[in-house]
Protein chains: 2
Amino acid sequence: MEATTGARVPPKLTGRGQATRARILEHAADLIYAKGVHATNNEQLRRAAGVSGSQLNHYFPTKESLVLAVIAWQAERVLAFHRSERFTGFDSLDGFREWADYYTAYERAYHEGCSLGSLASEIIKTDLDVHEELAGAFDQWRDIFRDGLLQMQRLGRLNADADPARLTNLLLSAYQGGMLLAQIARDVTPLKDALSAAIDYLQTFTTSHETDAPQATGPFQ
Amino acid sequence: MEATTGARVPPKLTGRGQATRARILEHAADLIYAKGVHATNNEQLRRAAGVSGSQLNHYFPTKESLVLAVIAWQAERVLAFHRSERFTGFDSLDGFREWADYYTAYERAYHEGCSLGSLASEIIKTDLDVHEELAGAFDQWRDIFRDGLLQMQRLGRLNADADPARLTNLLLSAYQGGMLLAQIARDVTPLKDALSAAIDYLQTFTTSHETDAPQATGPFQ
């Protein structure tokens, strides 16, 4: 991702150029998130971001280049959130519970769904050649959980026979699927159930050392 | 669902009328599934189904009425599949394993994703007033799993302290999320991992009676 991020913000852009590019991107991300890739057009984007057609074309000459940049934008937000200190690198069961609590602590938390999963489920159907970028973003998300579980094993908090990659796929699937079901039902319960059950399954692999983990703190605890 | 199905196929239609309606619906379902709701227009649908504009308008006067019928169409297929004999009403662990095997036994099984989940993730973003129908379809799907788990409890195969509704939300979320992740990664592993882990979690609630369950049979065993 680092490599593609470098490619995405051409170093030749001035400070003002970078700000304009960022403004276009922010509005594109919002529009695509709210309406979908197909329902978003240049006209809407120009108006929302307050830029001319030639400016838009300068920064994003094709729809593909714009969607690629939006994927990177949403991915960076999701990944930065998961790397934030509150989850302590997901090196304990509490980190995962804190994460689940964030999305289920209040009824409307599911309201907008997962920005990246929602984007992914749309893009899968388009002809846009952006699959590699999308898969890369999810690989990095997966790495955050898997690295946390590997660290739990190193710290003796997780049994050696637990499979971090497999548990990661359950946790991420429970989140993505639970978010979709919660949006369909307009009720947080499916997401709450799926995440708590997935984490309870993870707990069946923890050792007694897990209880030595520091308690997570924060407003969502 | 029974009630709305009745409303969807007006009893006044002749045999030929019903066949035409079904043909339009089948092509609409295919188009929407392949391209999405936004990218599907009347012109494409008329050509695919070989009907005139006035015929199309006669059966489905609005986009909403068409999308409602497509939801019902996809829901009926998914529900009929889950109600088929091979899963024996999901009254044993084997029924769930048979179900997971169906989607993960070969590499490309995830290729097209879940027809209903994929439709749902699109519709959530539209202004179409079809949320109730969509939520109803998923409620029925949930009922199939939950009824199976309740039956397992009655048969003494599942502990009394297991929560069928919560386990159902995990299973269905693991399926929907795993399907999305498999499509993104173009690799069946995330789905395989998520389903097998969710079912292994279910197994932690089973009793020794579960081993008395008849073995599921079939080509995917």
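Residues numbered from 1 in each chain as written. Chains lettered and ligands numbered in written order. Predicted model: local features only at pLDDT ≥ 70, side-chain atom pairs only at ≥ 80, totals over all residues. Heavy atoms only, no water.

- For chain A, the name recorded in an unreviewed UniProt entry is TetR/AcrR family transcriptional regulator, with Kribbella pittospori as its organism.

Let's talk about the overall build of chain A
Phase 1 of the analysis: Within chain A, the secondary structure is distributed over 10 helices and zero strands.
Phase 2 of the analysis: A buried classification covers 52% of the 221 residues belonging to chain A.
Phase 3 of the analysis: If you take every contact in chain A between residues at least 6 apart in sequence, the share linking residues at least 24 apart comes to 74%.
Phase 4 of the analysis: About 9,900 Å² of surface is accessible on chain A, with carbon and sulfur atoms providing 50% of the total. (Helix = DSSP H or I, 4+ residues; strand = E, 2+ residues; numbered from the N terminus. Buried < 20%, exposed > 50% of the residue type's maximum accessible area, 1.4 Å probe, protein only. Contact = heavy atoms within 4.5 Å. Areas by Shrake-Rupley, 256 points an atom, 1.4 Å probe, with all protein chains shown as cover.)

A look at the packing of aromatic side chains
Geometry of an aromatic ring pair is reported as the spacing of the ring centres plus the angle between the planes.
Phase 1 of the analysis: Tallied over the full model, the rule gives 33 aromatic pairs over all chains.
Phase 2 of the analysis: Relative to Phe90 of chain B, the ring of Phe87 of chain B has its centre 5.1 Å away and its plane inclined at 15 degrees; by these criteria the two rings are stacked. Each member of the pair, Phe87 of chain B as well as Phe90 of chain B, is classed as buried.
Phase 3 of the analysis: Aromatic ring contacts, followed pair by pair, group Phe81, Phe87, Phe90, Phe96, Trp99, Tyr102, Tyr103, Phe138, Trp141, Phe145 and Tyr175 of chain A into a single cluster. (Phe/Tyr/Trp six-rings, centres within 6.5 Å; stacked < 30°, edge-to-face > 60°.)

Describing the interface of chain B and chain A
Phase 1 of the analysis: The interface is formed by 44 residues belonging to chain B together with 44 residues belonging to chain A.
Phase 2 of the analysis: Summed over the shared surface of chain B and chain A, the result is two salt bridges.
Phase 3 of the analysis: For the salt bridge of Arg166 of chain B with Asp200 of chain A, the shortest nitrogen-to-oxygen distance reads 2.6 Å.
Phase 4 of the analysis: Where chain B meets chain A, there are 10 residue pairs in polar contact (both at pLDDT 80 or more).
Phase 5 of the analysis: Those elements that place two or more of their residues in the side of chain B that touches chain A are α2 (15-35), α7 (115-123), α8 (131-154), α9 (164-185) and α10 (189-203) of chain B.
Phase 6 of the analysis: Here the side of chain B that touches chain A gets 15 residues from one element, more than from any other, and that element is α9 of chain B.
Phase 7 of the analysis: Across the side of chain B that touches chain A, the residue classes break down as 22 nonpolar, 14 polar and eight charged. (Salt bridge = Lys/Arg side-chain N within 4 Å of Asp/Glu carboxyl O. Polar contact = N/O pair within 3.5 Å; in protein donor to acceptor, adjacent residues only side chain to side chain. Nonpolar A, V, L, I, M, F, W, Y, C, P; charged D, E, K, R; others polar.)

Quick look at the relation of the copies chain B and chain A
Phase 1 of the analysis: In screw terms, the move from chain B to chain A is a rotation of 180 degrees and a rise of 0.0 Å along the axis, fitting with an RMSD of 0.0 Å. What the superposition gives is, in effect, a two-fold axis relating one chain to the other. Minimal C-alpha separation from the rotation axis in chain B is found for Gly177 of chain B, amounting to 1.9 Å.
Phase 2 of the analysis: When the interface residues of chain B are mapped onto chain A, 100% of them again fall at the interface, so both copies present the same face. (Least-squares fit on C-alpha atoms with pLDDT ≥ 70 in both.)

Quick look at helix α5 (residues 63-82) of chain A
Phase 1 of the analysis: Compared with the 28 Å implied by 1.5 Å per residue over 20 residues, the 28 Å span of α5 of chain A between its first and last C-alpha is a close match.
Phase 2 of the analysis: Among all positions of α5 of chain A, only Leu66, Val67, Ala69, Val70, Ile71, Ala72, Gln74, Ala75, Val78, Leu79 and His82 of chain A are buried. (Expected span 1.5 Å × (residues − 1).)

A closer look at the UniProt feature "DNA-binding region" (unreviewed entry) in chain A
Phase 1 of the analysis: In this structure's numbering, the residues bearing the UniProt feature "DNA-binding region" (unreviewed entry) are residues 41-60 of chain A.
Phase 2 of the analysis: Taken end to end, residues 41-60 of chain A comprises 75% helix and 0% strand; its first and last C-alpha atoms sit 13 Å apart. (UniProt positions renumbered as here; feature names shortened; annotations may be inferred.)

Considering the side chain of Thr20 of chain B
Phase 1 of the analysis: Structurally, Thr20 of chain B is set in helix α2.
Phase 2 of the analysis: For Thr20 of chain B, a relative accessible area of 7% corresponds to the buried category.

Things to note about the environment of Leu202 of chain A
All names here are of chain A.
Phase 1 of the analysis: Mapping Leu202 onto the fold places it in helix α10 (residues 189-203).
Phase 2 of the analysis: You can call Leu202 buried: its relative accessible area is 0%.
Phase 3 of the analysis: Through-space distance from the C-alpha of Leu202 to that of Leu170 is 9.3 Å; in sequence the pair is 32 residues apart.
Phase 4 of the analysis: The residues contacting Leu202, other than those within four sequence positions of it, are Leu93, Phe96, Leu149, Leu158, Leu167 and Leu171.

Remarks on unusual backbone geometry
Phase 1 of the analysis: Phi is positive for Arg186 of chain A, close to 50 degrees, though the residue is something other than glycine.
Phase 2 of the analysis: By the element assignment, Arg186 of chain A lies in the loop between α9 (164-185) and α10.
Phase 3 of the analysis: Look at Phe90 of chain B: it is not a glycine, yet its phi comes out positive at around 50 degrees.
Phase 4 of the analysis: Here Phe90 of chain B lies in the loop between α5 (63-82) and α6 (93-104).
Phase 5 of the analysis: Take Phe90 of chain B: its relative accessible area is 0%, and that puts it in the buried class.

Section: the packing of α5 of chain A against helix α7 (residues 115-123) of chain A
Residues and elements named next belong to chain A.
Phase 1 of the analysis: In the contact formed by α5 and α7, the axes pass within 9 Å of each other and the chain directions differ by 150 degrees. In terms of orientation, α5 and α7 fall into the roughly antiparallel class. Taken as a pair, α5 and α7 cross one another with a handedness that is left-handed. On α7, the residues that touch Val67, Val70, Ile71, Gln74, Ala75 and Val78 of α5 are Ser115, Leu116, Leu119 and Ile123.
Phase 2 of the analysis: Residues belonging to the contact of α5 with α7 are distributed by class as follows: eight nonpolar, two polar and no charged. (Axes fitted to C-alpha atoms, helices over the stretch in contact; angles between N-to-C directions. Parallel < 35°, antiparallel > 145°, perpendicular 65-115°, else oblique. Left-handed = near helix turned anticlockwise from the far one by under 90°.)

Some points on the nonpolar core
Phase 1 of the analysis: Membership of the largest hydrophobic core comes to 141 residues, with the highest contact counts inside it found for Phe96, Trp141 and Tyr175 of chain A together with Phe96, Trp141 and Tyr175 of chain B.
Phase 2 of the analysis: When neighbours within four sequence positions are excluded, Tyr175 of chain B is seen to be in contact with Trp99, Tyr103, Cys114, Trp141, Leu191 and Leu195 of chain B. (Core = buried A, V, L, I, M, F, W, Y, C linked by side-chain atoms within 4.5 Å.)

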